[in-house]
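Read off the chains here:
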Amino acid sequence: MMKRKLAAAQLVLAGALLTAVAVPIGNPVQAQIKPVIVNKTDGQWIQDAKGWWYKYTDGSYPRNKWDQINGKYYYFNVHGYLLTGWQQLKGFGDYKETSWYYFDPTNGDMQTGWQNINGKWYYLDPAEGYMLTGVQQVGKNNECYYFHPTNGDMQTGWYKLPGTLGHPEPAWFYFDPADGSMATGWKQIDGKWYQFDSLEGFLMTE
């Protein structure tokens, strides 16, 4: 009976540790199947003094909504005009939360993946386009990067961040000024050597 109680306690403790992590490193971002929005191919783009809008074959037009036209995603305002640049909108697919999206300033199509905008790097979800924040695993070789929790632009240098599975307490991380990737293993910084966890990147102090 004592062994059973001990085993149960160990399971409860393990579950508590797994749920106590404040902000674990994000899961690898993988391209997903794009949500179903009927792709329009037979309408007509029209430009007037106020901007661009899209006319369906029945004469109507999209207003205050997402639309997919010739395989690309766009957003039209309440008056039916195409939006460009940064826009804070509700998602159109599996991700329904309000987030930031970036639309090409000229063509108006939603951008995805790595984007250099006004000299700053951002990462937009490869399938649904929303801006990522925090620590995210988005590199080609599973590298991690840190994106500002509010602005979303890639950060570099030293940052003290919430713990991970391997280090529940807040810890120091270093993001390479050259490409933004998170340091792991041994790394020389400003002439001094530091050791970071080989998987989760936190600075090892012992």
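Residues numbered from 1 in each chain as written. Predicted model: local features only at pLDDT ≥ 70, side-chain atom pairs only at ≥ 80, totals over all residues. Heavy atoms only, no water.

The name given to the chain in an unreviewed UniProt entry is Cell wall-binding protein, with the source organism recorded as Streptococcus panodentis.

Colleague: Which parts of the structure should I look at to understand the side chain of Gln 115?
Modeller: If you trace the backbone, Gln 115 turns up in strand β8 (residues 113-117). Relative accessible area serves as the criterion here: at 17%, Gln 115 is assigned to the buried category. Discounting residues that sit within four places of it in the chain, Gln 115 has contacts with Lys 120, Trp 121, Tyr 122 and Leu 124. (Helix = DSSP H or I, 4+ residues; strand = E, 2+ residues; numbered from the N terminus. Buried < 20%, exposed > 50% of the residue type's maximum accessible area, 1.4 Å probe, protein only. Contact = heavy atoms within 4.5 Å.)

Colleague: Just checking my understanding: could you explain the confidence of the model for the chain for this structure?
Modeller: Low-pLDDT stretches of the model should not have their predicted coordinates read in fine detail. Scored by pLDDT, the chain comes out at a mean of 85, with 83% of its residues at no less than 70. Confidence over residues 1-35 falls short of pLDDT 50; this stretch has 40 contacts with residues more than four positions distant or in other chains. (pLDDT = per-residue confidence, 0-100.)

Colleague: What should I look at first to understand the UniProt feature "repeat: Cell wall-binding" (unreviewed entry) in the chain in this one?
Modeller: As annotated by UniProt and renumbered to match this structure, "repeat: Cell wall-binding" (unreviewed entry) occupies residues 111-130. A distance of 9 Å separates the end C-alpha atoms of residues 111-130, which is 0% helix and 50% strand. (UniProt positions renumbered as here; feature names shortened; annotations may be inferred.)

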